[in-house]
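Each chain is listed here by its residues.
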Amino acid sequence: MGCATSAYASVGRKNKKRNIQESVVFVPQLRVPVQCDLQRQLKGVAPKTTIDRLSCLRNQIQLVAEDTEFAGGSAISELRTALEEYLSLLTGLIKKKNDGMEGCVEFKWKTLGDGRRAELCFTNLWMEMLTVIHMMAALALTEANSLMIPKTCSDSSNSVRVVSSDCRRDAVDLLLKASGYLEFCVREILPRFPPDIKSKLPDDMQESVLQTLSIQALGQGTEIQLGLAVDSQKATLSVKRRLACEQVIYFSQAYQCLSGCEVVSQGCAKKLLRFIYWKFLESKAAAYYYHGLVTDKGNEPACHVSAVCCFLAAAELLAESKKACFSFCLAPPVTRAPPMWGVMKHLSQKIPEVAFRKSQTYGYLLEEEEKAMQCLPELPDFQLSLRPEEFELPEIEAGSSEGNQTHLLSEHLEDYSDNNEDDDDELDH
């Protein structure tokens, strides 16, 4: 699962052999909260009930994340519910412009499976919101990946992979949701950071990486849709070509967004770029194959020559994509590619077969049109269909920011008085 695989595989398995999981959907590294004394740091700044709930939810998120192996289902659902409630409380504090919180509390997060106590510490409320929504996106991608791996298919050598249409549609919905989370981070949160905070963001939270993850999620959603079209008797050849060409555009945009950035030289960004390049080559092979089938329906000799060019290009791209897949899998952290599935399982058989047969059939035309063979036909340009699912901040949790400064001070003094009484009782004894 992209950068997250090694972390999920090692959770709760310190004494077991490491299990390298499959990567159908790219999942960024997952961070979890680290316990911090919010009650002490926020006393007199926010309502006690809000502080207690924030602390409880952070602890719950950490415990559930660290105690599960992320097989999907109830664990992800529980985490999602806790994150949404936590985000609602956090939104209330931010919307009320509770300036007293800025700088008085240190939020801490760590990468799941990392032995260090905390790798990310900050006092900015918007930074806390960015980290929470980033985790929500990672969970959506994790669940999408889980849906695309049949529970009955545990043997990587098994060439038969059947994922139900419902699971694939649900996976597309989750990819759109994840894309929406990430797009919101880029559009609404990052512009609020001053340069000094932006410069200290982790590599996987840089604007270019977040934008790339959002775009590639749309590309993977289109890939799954193409697989559904291949399985459907009602889907026309033109529809399949359109989906394949759209997929090329998404992965091309994602690659261009990330390839020129400094962060791509290491870590998660480097592995993400290799994943996108692999998927770009696969999608382009599919696009040329379907474009070739459409072109070959023409009656002119030039149409047949152009079609053969497309088929041969598709075969070459397919071979290159397999190399790119190995390059992605070997980039740390090591991941395991799934067996052929969806449209690529179909095309891995059809492309070499059709390329060979058509080049034999129209061999005499290829000799006559040698110049045409040197110019690869351009793929048609289509308007993109998928868009990120719109995400908005949740409604403010009741009580999350209630109480004026006088009430908060009174609450703080009551706690202080109670503590002093306890100390006096101990002295009397």
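Not measured: the values here are computed from a predicted model.

Cut-offs and rules
Residues numbered from 1 in each chain as written. Predicted model: local features only at pLDDT ≥ 70, side-chain atom pairs only at ≥ 80, totals over all residues. Heavy atoms only, no water. Helix = DSSP H or I, 4+ residues; strand = E, 2+ residues; numbered from the N terminus. Buried < 20%, exposed > 50% of the residue type's maximum accessible area, 1.4 Å probe, protein only. Contact = heavy atoms within 4.5 Å. Pairing = 2+ DSSP bridges. Axes fitted to C-alpha atoms, helices over the stretch in contact; angles between N-to-C directions. Parallel < 35°, antiparallel > 145°, perpendicular 65-115°, else oblique. Left-handed = near helix turned anticlockwise from the far one by under 90°. Nonpolar A, V, L, I, M, F, W, Y, C, P; charged D, E, K, R; others polar. Salt bridge = Lys/Arg side-chain N within 4 Å of Asp/Glu carboxyl O. Core = buried A, V, L, I, M, F, W, Y, C linked by side-chain atoms within 4.5 Å. pLDDT = per-residue confidence, 0-100. Disulfide = S-S within 2.5 Å.

(A) Geometry of the overall build of the chain. Assigned secondary structure in the chain consists of 15 helices and three strands. Looking at the chain as a whole, 52% of its 429 residues qualify as buried. Partitioning the intrachain contacts of the chain with sequence separation of at least 6 by distance along the chain shows that 78% fall at a separation of at least 24.

(B) Local environment of the sheet that holds strand S1 (residues 31–33). On the basis of which strands lie adjacent, the open sheet formed by three strands has the order S1-S2-S3 and antiparallel pairing. Of all strands in the sheet, those bounded by a partner on one side alone are S1 and strand S3 (120–122). Each neighbouring strand pair of the sheet contributes to a mean axis angle of 25 degrees, computed without reference to strand direction. Bridging between S1 and strand S2 (residues 107–111) involves three bridges; their strand directions are antiparallel. Bridge pairing in S2 places Arg31 opposite Thr111. Against the sheet, helix H3 (residues 48–67) engages S1 and S2, with an angle of about 135 degrees to S1. Strand contacts of helix H5 (residues 125–147): S1, S2 and S3, with the helix running at about 30 degrees to S2, the strand carrying the most contacts.

(C) Up close: the environment of Gln206. Position of Gln206 among the secondary structure elements: in the loop between helix H7 (195–198) and helix H8 (207–231). C-alpha separation for the pair Gln206 and Ala269, spaced 63 residues apart in sequence, amounts to 9.7 Å. Residues in contact with Gln206, not counting those within four places in the same chain, are Lys198, Leu201 and Val263.

(D) Seen up close, the packing of helix H10 (residues 267–295) against helix H12 (residues 342–361). Look at H10 against H12: their axes get within 11 Å of each other, and the N-to-C directions meet at 55 degrees. By the angle class used here, H10 and H12 are oblique. You can see that H10 and H12 cross each other, and the crossing is left-handed. Residues Glu282, Ala285, Ala286, Tyr289 and Tyr290 of H10 lie in contact with H12, whose contacting residues are Val343, Met344, His346, Leu347, Lys350, Ile351 and Val354. The residue inventory of the contact of H10 with H12, partitioned by class, reads nine nonpolar, one polar and two charged.

(E) Region of the structure containing the pattern of salt bridges. The final tally for this structure, using the stated rule, is 19 salt bridges. Among the ionic pairs, Arg187 bridges to Glu188, the shortest N-O distance being 2.9 Å. Since its relative accessible area comes to 33%, Arg187 is described here as partly exposed. Taking the shortest distance from any N to any O, the salt bridge between Lys323 and Glu320 comes out at 3.6 Å.

(F) Quick look at the nonpolar core. Among the nonpolar cores identified, the biggest contains 124 residues, and Leu130, Ile133, Met135, Ile189 and Phe193 are the most heavily contacted of them. Once you skip the residues sitting within four places of it in the chain, Phe193 turns out to touch Asn124, Trp126, Met127, Leu130, Lys198 and Leu201. In terms of nonpolar packing, the next biggest core, distinct from the first, is built from five residues, Val305, Cys309, Tyr362 and Leu365 among them.

(G) Representation of the confidence of the model for the chain in the model. For the chain, the mean per-residue pLDDT works out to 82, and 77% of the residues sit at or above 70. In this model residues 5–17 is a low-confidence stretch, pLDDT under 50, and it forms 25 contacts with partners more than four residues away in sequence or in other chains. Contacts of residues 401–413 to residues separated by more than four positions or lying in other chains number 18 contacts, the stretch itself having pLDDT below 50.

(H) View of the pairing of S2. Where burial is concerned, most of S2 is hidden: four out of the five residues are buried. Sheet analysis places S2 next to S3, joined by three bridges and oriented antiparallel. Paired with Trp109 across the strands is Leu120, a residue of S3.

(I) Examining the state of the cysteines more closely. Throughout the structure, instances matching the rule amount to zero disulfides. Cys261 takes part in no disulfide bond, and the closest cysteine sulfur to it belongs to Cys257, at a distance of 6.2 Å.

(J) Here's a closer look at the packing of H8 against H10. Remark: H8 packs on H10, axes separated minimally by 11 Å, with the N-to-C direction vectors making an angle of 35 degrees. Where H8 crosses over H10, the two elements pack in a sense that is left-handed. From H8, Val209, Thr212, Leu213, Gln216, Gln220, Glu223, Leu226 and Val230 reach across to H10, where they touch Ala269, Leu272, Phe275, Ile276, Lys279, Glu282, Ala286 and Tyr290. In terms of residue class, the contact of H8 with H10 is made up of 10 nonpolar, three polar and three charged.

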